[in-house]
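Residue-level structure breakdown
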Amino acid sequence: MENSYLNMELLRFTTAGSVDDGKSTLIGRLLYDSKSIFEDQLDLVETSSKRRGLDHTDLALLTDGLRDEREQGITIDVAYRYFATPKRKFIIADTPGHIQYTRNMVTGASTANLALILIDARNGIVEQTCRHSFIASLLQIPHIIVCVNKMDLVNYEEEAFEKVRSQFEDFAAKLDVKDIRFVPISALNGDNVVNKSDNMPWYQGSTLLYTLENIHIASDYNHIDCRFPVQTVIRPKNNEYHDFRGYAGRVAGGVLKKGDEVVALPSGFSSKISGIHTMDGEVEEAFAPMSVTITLEDDIDLGRGDMIVRPNNRPEVSQEIDAMLCWFNQKGPQPKAKFTLMHTSNDVKAMIKNIYYKLDINTLHRIENVSEVGMNDIVRVTLRTTKPLLKDVYRTNRFTGSLILIDEMTNETVAAGMII
Amino acid sequence: MSRYNLTHLKELESEAIFVIREVYSQFEKPGILFSGGKDSIVVTHLARKAFWPSNIPFPLIHIDTGHNFPETMKFRDNLVDEIGAELVARLVQDSIDTGRVKEETGKDASRNWLQITTLLDAIEENGFDALMGGARRDEEKARAKERFFSHRDDFGQWDPKNQRPELWNLFNGKKNYGEHFRVFPISNWTEMDVWQYILQEKIEIPSLYIAHQRDVIWRNDTWLPHSEFITVREGEEVVNKKVRFRTLGDITITGGIESEADTLEKIVAEVAAARQTERGNRADDKRSETSMEDRKKEGYF
């Protein structure tokens, strides 16, 4: 048991939805069945539920920890929940369906491998399904599992499942998602959640948990284009490591090996990797998302914000950044406003040069002639920066293709951007 | 598993190291909040890894209630010596003596709330602008809503309803003068992850976590260690039991569990089978439904 635990993988997924689509029930079931809810937590939740006059145990009270959330019975913020099976550890970013939905869904989606979308078999896809799926596509979540839920309420009929499935497939044709799977379930009764359902012999596929445990996630990271943004330089200056000069960072893409020819950007100096170091010893190769320290054969000018790449595979260097922006703040961008833009380990000043259109998140229609940008809006823009960024398209690399904008007065994170 | 895939512990480690290096790069004077508990020991270990072969570039900050397990203090001093880190220790007793805070009285009095003032004073005196802690999102519901980079205003207060969204690998540590950040590098770890990591990395921990014989008192549904700071009440009896502690804090409020787990392997097995959360034995969390949030808003760990 201990050995298998040490070989587990980590899968991060998002859920989104309203109270009545069965999301809490489904999450509750996953947590129960993997023994991730403790007795004292359950006792507390039961007491709290009773005090609120509920006739069921409201599992939202497990993570709606804030006083305001508990008093108002709403989820304000993304809640992270954890469970593990002998195969994998799971992190659920559970995002509330109503308040600041876009902001929360985008935040949860930014680090997810997989989006779990629940559809009520009786109702088919609704506005919220579209929103969540669109954000999964915009944020390039590699896998989507559509759970057609409440199959017990449609007599476990294959037809009902197929109807929802084809409806979703029609809609998803407009999206950019690589891997979509469908599972007919009843979260309430447990059909096809952990165990295969006897009620749906026509379904030949895997259960939800089996899919979560076995879906291939190793290639979710870019292992082709080498990108190593330098976070900081390590110079011990002690006797043993007197001449050690290491570049510390987290691999954002590709596989780096000892002996590789590399180029430092933006300076353009070239060198070779002389070692890849960790406290546990040197490693032969490093890939995303490993945190390592790299030494080079030559002493070159290289520091935070710079990037180590391969000579024949470089990011684009530019001060004009085309991006989709998701606006997070009550206050929209003022004309000529300047922002701090964070991208990899770099931060520069930036302004919004042009806004082309706003996306209607429910219909995916483009609204041109944008006069105002507000909270939760998704807009297509060009940004202008004071210094060039070493950028990739978000679609090929989530780490070197993403950015945030920070208001210079309030220091708040006001927008997130995906480079196109 | 395929060749280019990390185990979950490696991935969590790599995430934490990334966050610790961001703290070093984005702030002027960061520190690690060190209680001598397993979570802050793991954060310290990760900080060593993040800057190896350099020494840890942060001091360890201990806010000392004075009600300590002697084992914790000995462990702390040994660790500081071994890794060559600076120790900043501040005593709650000093805050009491100078009249900054007033000692609680009554039946279940504790110095838990008083630590906040001592901590905030230590931050101001030393000019710390980022303090890393070992809090995890799985351990308490208010902590479930924490960011990796968590902003504190110039009164040290947390505003949980108005937190900055945190996306990808991009951590916004921008602040105005007088404000500071609390940073939680192991946010995404569970109790099980911490124990597995301690086992995998062979990290030294205080002996209190491992089952041992101790004089204890049954109070508030837990085995409270008998110490000079505790008055035995009527109907209570000091007994000797084989116990271990799942969390370590102030000796007057940290209860133990009966356990036979006297090796790390046995502890991992016990944690896997546990049906109670580790903070179930902490009296400080039981004062109200939102006691952690209330303390955190004021500036608690």
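**Focus on the nonpolar core**
Ranked by size, the top nonpolar core spans 76 residues in total, and within it A:Phe13, A:Phe134, A:Leu139 and B:Trp168 carry the most contacts. Both of domain 1 (2–220) and domain 3 (316–419) of chain A provide at least three residues apiece to this core. By size, the runner-up hydrophobic cluster in this structure holds 60 residues, among which are B:Ile32, B:Phe34, B:Leu199 and B:Leu248.

**Structural notes on the confidence of the model for chain B**
Detailed reading of the predicted model is not advised wherever pLDDT is low. Residue and element names in this part refer to chain B. For chain B, per-residue confidence averages 87 on the pLDDT scale, and residues scoring 70 or more make up 94% of the total. Of all secondary-structure elements in chain B, the lowest mean pLDDT belongs to helix 8 (residues 291–298), at 75, while helix 1 (residues 8–26) reaches the highest, 97. For this predicted complex, the interface score ipTM comes out at 0.92, while the overall pTM is 0.91.

**Overview of the sheet that holds strand 8 (residues 222–225) of chain B**
Across the sheet, four strands lie side by side as 8-7-9-10 (chain B); this open sheet has antiparallel pairing. Among the strands making up the open sheet, the edge pair consists of strand 8 and strand 10 (257–258) of chain B.

**Topic: the packing of helix 6 (residues 191–201) of chain B against helix 7 (residues 264–273) of chain B**
Residues and elements named next belong to chain B. Between helix 6 and helix 7, the shortest axis-to-axis distance is 10 Å and the interhelical angle comes to 165°. On the basis of their axis angle, the class for helix 6 and helix 7 is roughly antiparallel. Both helix 6 and helix 7 take part in a crossing whose hand is left-handed. Along its contact with helix 6, which presents Glu191, Met192, Trp195, Gln196, Ile198 and Leu199, the element helix 7 presents Leu264, Glu265, Ile267, Val268, Val271 and Ala272. Residue classes in the contact of helix 6 with helix 7 are distributed as nine nonpolar, one polar and two charged.

**Details of the pairing of strand 7 (residues 212–219) of chain B**
All names here are of chain B. As paired elements, strand 7 and strand 9 (residues 238–244) share six bridges and run antiparallel to each other. Considered in strand 9, the bridge of Arg214 is made with Lys241. The pairing of strand 7 with strand 8 spans four bridges and is antiparallel. Bridging across to strand 8, Arg219 finds its partner in Thr222. In textbook terms, the turn of a hairpin is the stretch between consecutive antiparallel strands, and for strand 7 and strand 8 this stretch comprises two residues, one of which, Asn220, has a positive phi near 50°.

**Quick word on the packing of aromatic side chains**
What the rule picks out here adds up to 27 aromatic pairs over all chains. Seen in terms of ring centroids, B:Phe149 and B:Phe171 are 5.3 Å apart; in terms of plane orientation they differ by 25°. Their pairing is stacked. Highlighted residues: B:Phe149 in strand 5 (residues 149–152) and B:Phe171 in the loop between strand 5 and strand 6 (180–183), separated in sequence by 22 residues. For B:Phe171, a relative accessible area of 5% gives the class buried. Grouped by ring-pair contacts, the aromatic residues B:Phe18, B:Phe27, B:Phe148, B:Phe149, B:Phe171 and B:Phe181 constitute a single cluster. We note B:Lys29 situated over the ring of B:Phe128; from NZ or CZ to the ring centre the distance is 5.4 Å. Stacked on the ring of A:Tyr80, the Lys or Arg B:Arg137 has its end atom at 4.1 Å from the ring centre.

**So, the pattern of salt bridges**
Using the criterion set out here, one finds 46 salt bridges over all chains in the structure. Among the ionic pairs, B:Glu13 bridges to B:Lys49, the shortest N-O distance being 2.6 Å. Linking B:Glu13 in helix 1 with B:Lys49 in helix 2 (residues 38–51), this pair joins segments that are 36 residues apart in sequence. Classification of B:Glu13 as buried rests on a relative accessible area of 6%. For the salt bridge of B:Glu146 with B:Arg152, the shortest nitrogen-to-oxygen distance reads 3.2 Å. Bridged by salt links that share partners, the residues A:Asp280, B:Lys10, B:Glu13, B:Lys49 and B:Glu201 form one connected network.

Criteria and cut-off values
Residues numbered from 1 in each chain as written. Chains lettered and ligands numbered in written order. Predicted model: local features only at pLDDT ≥ 70, side-chain atom pairs only at ≥ 80, totals over all residues. Heavy atoms only, no water. Core = buried A, V, L, I, M, F, W, Y, C linked by side-chain atoms within 4.5 Å. Buried < 20%, exposed > 50% of the residue type's maximum accessible area, 1.4 Å probe, protein only. Domains from an automatic or database assignment. pLDDT = per-residue confidence, 0-100. Helix = DSSP H or I, 4+ residues; strand = E, 2+ residues; numbered from the N terminus. Pairing = 2+ DSSP bridges. Axes fitted to C-alpha atoms, helices over the stretch in contact; angles between N-to-C directions. Parallel < 35°, antiparallel > 145°, perpendicular 65-115°, else oblique. Left-handed = near helix turned anticlockwise from the far one by under 90°. Contact = heavy atoms within 4.5 Å. Nonpolar A, V, L, I, M, F, W, Y, C, P; charged D, E, K, R; others polar. Phe/Tyr/Trp six-rings, centres within 6.5 Å; stacked < 30°, edge-to-face > 60°. Lys NZ or Arg CZ within 6 Å of the ring centre and 35° of its normal. Salt bridge = Lys/Arg side-chain N within 4 Å of Asp/Glu carboxyl O.

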